[in-house]
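Understanding the architecture of this molecule
Single-letter residue listing:
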Amino acid sequence: MSFRLAFALISMAALLVVPTGAVAQDMLRGVDLNSPDMTASEMTRAEVDALLKATPQGDQRTADLAGKRLSQLDLSGLDFSGGNLHLVKLNRSNLRGARFDRGILNQAWMIDADLTGASLVKASLLGTQMQRAKLGGADLSGARITADLSGASLTGARLAGADLSADMRNQSMGLMRGVLKSADLRNADLAGANLARADLEFAQLQNANLANCNLSRADLAGADLSGANLAGADFTGADLASALLPGAAALAEARNLDKARNLELARRPN
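Just so it is clear, the structure is predicted and the values come from calculations on it, not from any experiment.

A word on the overall build of the protein chain
Scanning the protein chain from N- to C-terminus turns up four helices and two strands. Across the protein chain, contacts joining residues at least 24 apart in sequence account for 24% of those joining residues at least 6 apart. Summed over its atoms, the accessible surface of the protein chain is roughly 12,400 Å², and 52% of this surface lies on carbon and sulfur atoms.

Let's talk about the packing of aromatic side chains
Scanning the entire structure with this criterion turns up one aromatic pair. Between phenylalanine 80 and phenylalanine 100, the aromatic rings sit 4.8 Å apart at their centres with planes inclined by 5°, giving stacked as the arrangement. Taken as a pair, phenylalanine 80 in the loop between α3 (45-54) and β1 (124-129) and phenylalanine 100 in the loop between α3 and β1 lie far apart in primary sequence, 20 residues in all. The residues phenylalanine 80 and phenylalanine 100 share a single accessibility class, namely buried.

Some words on the pattern of salt bridges
The tally for this structure, following the rule as stated, stands at 16 salt bridges. Ionic pairing is found between arginine 92 and aspartate 112, a salt bridge with its closest N-O pair at 3.9 Å. Linking arginine 92 in the loop between α3 and β1 with aspartate 112 in the loop between α3 and β1, this pair joins segments that are 20 residues apart in sequence. Take arginine 92: its relative accessible area is 53%, and that puts it in the exposed class. A single salt-bridge network, built from bridges that share partners, covers Asp37, Glu42, Lys68, Arg69 and Lys89.

Structural notes on the pairing of β1
Buried residues dominate β1, accounting for five of its six residues. Here β1 pairs with strand β2 (residues 144-148) via four bridges, running parallel. Looking at the pairing, leucine 126 lines up with threonine 146 of β2.

A word on the environment of leucine 105
With respect to the helices and strands, the residue leucine 105 is situated in the loop between α3 and β1. The sequence separation of leucine 105 and glutamine 129 amounts to 24 residues, and the corresponding C-alpha distance is 9.8 Å. Setting aside anything within four residues of it in sequence, one finds leucine 105 in contact with Leu85, Phe100, Met110, Leu120, Ser124, Leu125 and Thr128.

Details of the side chain of aspartate 199
Structurally, aspartate 199 can be placed in the loop between β2 and α4 (248-252). Its relative accessible area of 5% is what places aspartate 199 among the buried residues. What aspartate 199 contacts, discounting residues up to four positions off in sequence, is Arg177, Gly178, Val179, Leu180, Lys181 and Asp219.

A few points about the nonpolar core
Core analysis: the largest hydrophobic core is formed by 73 residues, its most contacted members being Leu115, Phe235 and Leu240. When residues of this core are traced back to their parent elements, those giving at least two are α3 and β2. In contact with leucine 240, not counting residues within four places along its chain, are Leu220, Leu225, Phe235, Leu245, Leu257, Ala260, Arg261, Asn262, Leu263, Leu265 and Ala266.

Digging into the environment of valine 88
Tracing the backbone through its elements, the reader meets valine 88 in the loop between α3 and β1. Sequence separation of valine 88 and leucine 105 is 17 residues, and the distance between their C-alpha atoms is 7.5 Å. Once you skip the residues sitting within four places of it in the chain, valine 88 turns out to touch Leu65, Gly67, Lys68, Leu70, Ala108 and Trp109.

Focus on the side chain of aspartate 224
Within the secondary structure, aspartate 224 sits in the loop between β2 and α4. Buried within the structure, aspartate 224 lacks any salt-bridge partner; arginine 267 is the closest side chain of opposite charge, at an N-O distance of 6.1 Å. Reaching out from aspartate 224, the side chain makes a polar contact with the side chain of serine 226 at a distance of 2.6 Å.

A word on the environment of leucine 51
Inspection of the secondary structure puts leucine 51 in helix α3. Spatially, the C-alpha atoms of leucine 51 and leucine 65 are 8.9 Å apart, while their sequence positions differ by 14 residues. The contact partners of leucine 51, leaving out residues within four places of it in the chain, are Met43, Ala63, Asp64 and Leu65.

Re the confidence of the model for the protein chain
Considering every residue of the protein chain, the mean pLDDT works out to 89; 86% of them sit at 70 or more. Ignoring residues within four places in sequence, the model shows residues 1-25, a span with pLDDT below 50, making 19 contacts including any to other chains.

Conventions we followed
Residues numbered from 1 in each chain as written. Predicted model: local features only at pLDDT ≥ 70, side-chain atom pairs only at ≥ 80, totals over all residues. Heavy atoms only, no water. Helix = DSSP H or I, 4+ residues; strand = E, 2+ residues; numbered from the N terminus. Contact = heavy atoms within 4.5 Å. Areas by Shrake-Rupley, 256 points an atom, 1.4 Å probe, with all protein chains shown as cover. Phe/Tyr/Trp six-rings, centres within 6.5 Å; stacked < 30°, edge-to-face > 60°. Buried < 20%, exposed > 50% of the residue type's maximum accessible area, 1.4 Å probe, protein only. Salt bridge = Lys/Arg side-chain N within 4 Å of Asp/Glu carboxyl O. Pairing = 2+ DSSP bridges. Core = buried A, V, L, I, M, F, W, Y, C linked by side-chain atoms within 4.5 Å. Lys, Arg positive; Asp, Glu negative; His and termini not counted. Polar contact = N/O pair within 3.5 Å; in protein donor to acceptor, adjacent residues only side chain to side chain. pLDDT = per-residue confidence, 0-100.

Written out as structure tokens, the structure is:
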């Protein structure tokens, strides 16, 4: 075997053993979150409002704010529905009650943004950075989400039918999936959501509605599921190490709980 061929084979093998999640959503590496690019706005609220109102209304609305710097701006109550907000920067912006239905928010920056009561129905949130965002009471029904929502507050939020599963077609970029590590999902409605391979490590899911959820191979290590509705939820391959489970009646309604990983390490209610 020639040296070049041997080197190529070794290099390929090394790539295959790199953890799939290592580069998937590490967009923060090397980014200065305190720079003007991440903290300032190039438009005023009035200018954003005027742009939105100048675009066609209804299902065909396509306001283009792609790549705009709108951080720390008060945009509460505005209607961005159907708009293109790809790569937009909305860090620490006030977006309370705003509408993003069917909007494209792929790779947007929304760190520490306040989206309380906002509507993101069927929005696209691929690779979006939403760490510590406030989404209490927000509606993300039917949204496609491979966003990083680590530490985010989603108390009472609606994610019915949302898809937070891993994107298995895009392995060149690593494992893109919904990341809800240490997120607050108390009383959230996730009925019918696809959470396959999603990261819910240490998530607060007390009294959440997980009916008919796909939790196959999801990471639920350390999560609090006390009082959660698990009727029809599929736990095939889910990691339940140190997870706090609900009562026996709720567990009896779950599917494939016996096929979960580390079930013996899960905590049971007193």
